[in-house]
Every structure is written in structure tokens, then in C-alpha cells.
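Coordinate inspection notes
One-letter residues, chain by chain:
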Amino acid sequence: MKLEYTIEEEDYLAYQLFTSSQSARIQKKKTNGHILITSALALLGLVMISVSADKTFGILYLIFAVVSGIYYPKYFKWRYKKHYLTHIRESYKQRMGLVVTLEFLEDTILAKDKTGESKLSLSEVEVVKETSQHFFLQFTTGVSVIIPKMDEEESEALKGRLVEKGITVEDHLNWKW
């Protein structure tokens, strides 16, 4: 089986966002930030209401706490997306638009692009994570291969080939950043 595709900025971004959404550390950071900011604003509002004759600023801080509680998750997602996009544009700018060829042989994957050729052992594929737009092949060494989905028939053929080789394909088809 042979696949040929162009890797774009959106593919790298999807991989980074997917990986971070699966990270316990990132989720903990999101939760802690949400709790800390909302609690700090609420506490400041309550303190200002209790010690000040003019309760206006205290009420404003409480309103900010409620707004923060509601919108912090959206802000967090926007901030991380912006961070990863900047990182991708700086680090992978030479790789954008490169044509990648993957050839699935009996027990190896032959990967080619303009920089060279790699032979990847299928037995070292730890897991494949499938989203609605991509396959992310994760190897035991920590290296990953991003495969954008082309069409349904090709995606099913790839998935079948991987399962046939005993590789676990995790379904994340409903994943959304």
C-alpha cells in the first residue's frame, strides 16, 4: 500500500492540539488556572464588599469572577491554539507543503520526502489514533507520523492494514479541539 500526501500547517496544528488535549498535565493546568483565577476574583470581590463602604468594585470583581468561570475554558483553548500555531510556523516552516510518500511493506513503513528516506518498523508502532481528519501513528520511541485522511476508501484500507498487523487503532472520531 502506498500513500502520497502533502503535509500542511493545519496537519501539524491538529496533531499538537490533539496531543495536548490527551495530556493529563495540560488538563490539570487548565483546571488549576480556571479554579485559581475564578476563585481569586471572587475572593477579592468578597473582601472588597466586606471592607469597603462603596461596594461597586467588589460587585465588579464578582461579575468578573462569573465571566471568568464561564469563559476561561474558551480563552485557554484560544491561547494554546495561538501558542502552537506560532511554534509550528517557527519550527516547521521548511516542512510546509512537502510531499510525503509512505509505502507500507510487509513489516516496515518506507517514508520519503525531499529531505530523505526512513524505514520504520511496523512492530514499533505503539498505537494509532484516528480522528475525523487524521491518523496519528505513535511509535515506541516517541516519534509520530501524521497522515491526513484523503478519502473514505483509502482510510479504511489503511486502517485494515494496520489492524491486520496487530496494531491498535484507537477511535477518536468525535474529537474536537
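This text follows the structure it describes.
Now for a quick tour of the structure.

The rules behind each value
- Counting restarts for each chain: residues are numbered from 1 in the order of the written sequence.
- Note on the predicted model: pLDDT of at least 70 is required for a residue's local features to be given, and 80 or more for side-chain atom pairs to be given and counted; whole-chain, interface and lining totals, by contrast, use all residues.
- Excluding hydrogens and water, the side-chain figures rest on all heavy atoms present in the structure.
- Secondary structure counts use DSSP, requiring at least four H or I residues in a row for a helix and at least two E residues in a row for a strand, with both numbered from the N terminus.
- This radius of gyration counts C-alpha atoms alone. The globule rule is 2.2 Å times how many residues there are, raised to the power 0.38.
- Exposure categories follow from relative accessible area, calculated using a 1.4 Å probe and restricted to protein chains: below 20% of the type maximum is buried, above 50% is exposed, and the middle band is partly exposed.
- Only heavy atoms matter for contacts: two residues are in contact if any of them lie within 4.5 Å across the pair.
- Method for areas: the Shrake-Rupley scheme with a 1.4 Å probe, in which residue coverage is limited to the protein chains shown.
- None of His or the chain ends enter the tally, which takes Lys and Arg as positive and Asp and Glu as negative.
- Throughout, a charge is located at the NZ atom of Lys, the CZ atom of Arg, the CG atom of Asp or the CD atom of Glu.
- Strands pair, by our definition, only if DSSP identifies at least two bridges between them.
- Axis definition: a line fit to C-alpha positions, over the contact stretch in the case of helices; interaxial angles, taken between N-to-C directions, run 0 to 180 degrees.
- Take the residue count of a helix, subtract one, and multiply by 1.5 Å to get its expected span.
- In what follows, salt bridge is the name for a side-chain nitrogen of Lys or Arg lying within 4 Å of a carboxyl oxygen of Asp or Glu.

**What about the overall build of the protein?**
A tally of helices and strands in the protein yields four helices and eight strands. Listing every helix and strand of the protein by position from the N terminus yields β-α-α-α-β-β-β-β-β-β-α-β. Over its C-alpha atoms the protein spans a radius of gyration of 23 Å, topping by over 25% the 16 Å that the globule rule assigns to 177 residues. With the C-alpha coordinates of the protein rotated into their principal frame, the extents come out at 80 × 35 × 30 Å. By residue count, 35% of the 177 residues in the protein fall in the buried class. Sequence-distant contacts in the protein: of pairs separated by 6 or more residues, those separated by 24 or more amount to 58%. About 11,000 Å² of surface is accessible on the protein, with carbon and sulfur atoms providing 56% of the total. Counting 23 positive and 23 negative side-chain charges, the protein places the averaged centre of each group 11 Å from the other.

**Description of the sheet that holds strand S6 (residues 134-139)**
One open sheet accounts for four strands, arranged S7-S6-S5-S8; its pairing is mixed. For this open sheet the edge positions go to strand S7 (144-148) and strand S8 (169-171), each flanked by a neighbour on one side alone. Here the strands of the sheet are splayed against their neighbours by 20° on average, with no regard to which way each runs. Bridge count between S6 and S7: five bridges; the pairing is antiparallel.

**Things to note about the sheet that holds strand S2 (residues 98-104)**
Spatially, the four strands line up as an open sheet ordered S1-S2-S3-S4, and their pairing is antiparallel. Each edge of the sheet is formed by a strand with only one pairing partner; in this case those strands are strand S1 (2-7) and strand S4 (116-121). If you compare each strand with its neighbour and ignore which way they point, the axes differ by 20° on average. As judged from the six bridges shared by strand S3 (residues 108-113) and S4, these two strands associate in the antiparallel manner.

**Looking at helix H2 (residues 24-51)**
With 28 residues, H2 should reach 40 Å at 1.5 Å per residue; the first-to-last C-alpha distance of 40 Å fits that figure. Elements in contact with the buried residues of H2: helix H1 (9-21) and helix H3 (56-91).

**Details of the pattern of salt bridges**
Applying the stated criterion to the full structure yields five salt bridges. For the salt bridge of Glu9 with Arg89, the shortest nitrogen-to-oxygen distance reads 2.8 Å. Note that Glu9 is positioned in helix H1 and Arg89 in helix H3, a separation of 80 residues in sequence. Glu130 is the partner of Lys159 in a salt bridge, and the nearest nitrogen-oxygen pair spans 3.1 Å. Here Lys159 is found in helix H4 (residues 152-164), whereas its partner Glu130 is found in strand S5 (residues 125-130), with 29 residues between them in sequence.

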